[in-house]
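Here are the chains, one letter per residue:
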Amino acid sequence: MKKLCKIAAVFSILAVTAGCSGTSYNQEKTCGTDYLLHPAISVPAMIGACDSYQAK
């Protein structure tokens, strides 16, 4: 029974993360960031990965 619960948990985690990932781009399409669950909580967005493209 424990093994079945572990397998079910792994499959549910994979289903959630596979369905909630993607890429967001800026308006000029010069930079994109990947996210796992939501674009607002992605690591590249938090550290400002696309900000260097706008700085001149």
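Notes on the structure follow. Just so it is clear, the structure is predicted and the values come from calculations on it, not from any experiment. (Residues numbered from 1 in each chain as written. Predicted model: local features only at pLDDT ≥ 70, side-chain atom pairs only at ≥ 80, totals over all residues. Heavy atoms only, no water.)

### Some thoughts on the overall build of the protein chain
Here comes step 1: Secondary structure assignment for the protein chain yields three helices and two strands.
Here comes step 2: Helices and strands in the protein chain line up, N terminus first, as α-β-β-α-α.
Here comes step 3: Buried residues in the protein chain amount to 9% of all 56 residues.
Here comes step 4: Surface summary for the protein chain: the accessible area is close to 4,800 Å², and the carbon and sulfur share equals 65%. (Helix = DSSP H or I, 4+ residues; strand = E, 2+ residues; numbered from the N terminus. Buried < 20%, exposed > 50% of the residue type's maximum accessible area, 1.4 Å probe, protein only. Areas by Shrake-Rupley, 256 points an atom, 1.4 Å probe, with all protein chains shown as cover.)

### Thoughts on the pairing of strand 1 (residues 22-25)
Here comes step 1: The sheet contact formed by strand 1 and strand 2 (residues 32-35) spans four bridges and is antiparallel. Looking across to strand 2, one finds that Tyr-25 is bridged to Gly-32. (Pairing = 2+ DSSP bridges.)

### Here's the deal with the environment of Tyr-25
Here comes step 1: Within the secondary structure, Tyr-25 is located in strand 1.
Here comes step 2: The spacing of Tyr-25 and Cys-50 is 25 residues in sequence and 9.0 Å in space, taken between C-alpha atoms.
Here comes step 3: With sequence-adjacent residues up to four places away left out, Tyr-25 is seen in contact with Cys-31 and Gly-32. (Contact = heavy atoms within 4.5 Å.)

### Considerations on the environment of Asp-34
Here comes step 1: With respect to the helices and strands, Asp-34 occurs in strand 2.
Here comes step 2: C-alpha of Asp-34 to C-alpha of Ser-21: the two residues are 13 residues apart in sequence and 7.5 Å apart in space.
Here comes step 3: In this structure Asp-34 touches Gly-22, Thr-23, Ser-42 and Pro-44, once residues within four positions along its chain are discounted.
Here comes step 4: Reaching out from Asp-34, the side chain makes a polar contact with the side chain of Thr-23 at a distance of 2.7 Å. (Polar contact = N/O pair within 3.5 Å; in protein donor to acceptor, adjacent residues only side chain to side chain.)

### Brief notes about a nonpolar patch on the surface
Here comes step 1: A surface patch of nonpolar side chains, about 730 Å² in accessible area, is lined by Val-16, Leu-36, Leu-37, Ile-41, Val-43, Met-46 and Ile-47.
Here comes step 2: Residue contributions to the nonpolar patch peak at three residues, all from helix 2 (residues 43-47).
Here comes step 3: In this structure, Leu-37 sits in the loop between strand 2 and helix 2. (Patch = residues over 30% accessible without salt bridge, like charges linked within 9 Å, V, L, I, M, F, W, Y side chains within 5 Å. Salt bridge = Lys/Arg side-chain N within 4 Å of Asp/Glu carboxyl O.)

### What to know about unusual backbone geometry
Here comes step 1: Residues other than glycine seldom take positive phi values, yet Lys-29 does so here, at roughly 60 degrees.
Here comes step 2: With respect to the helices, strands and loops of the structure, Lys-29 is situated in the loop between strand 1 and strand 2.
Here comes step 3: Given the relative accessible area of 60%, Lys-29 is considered exposed.

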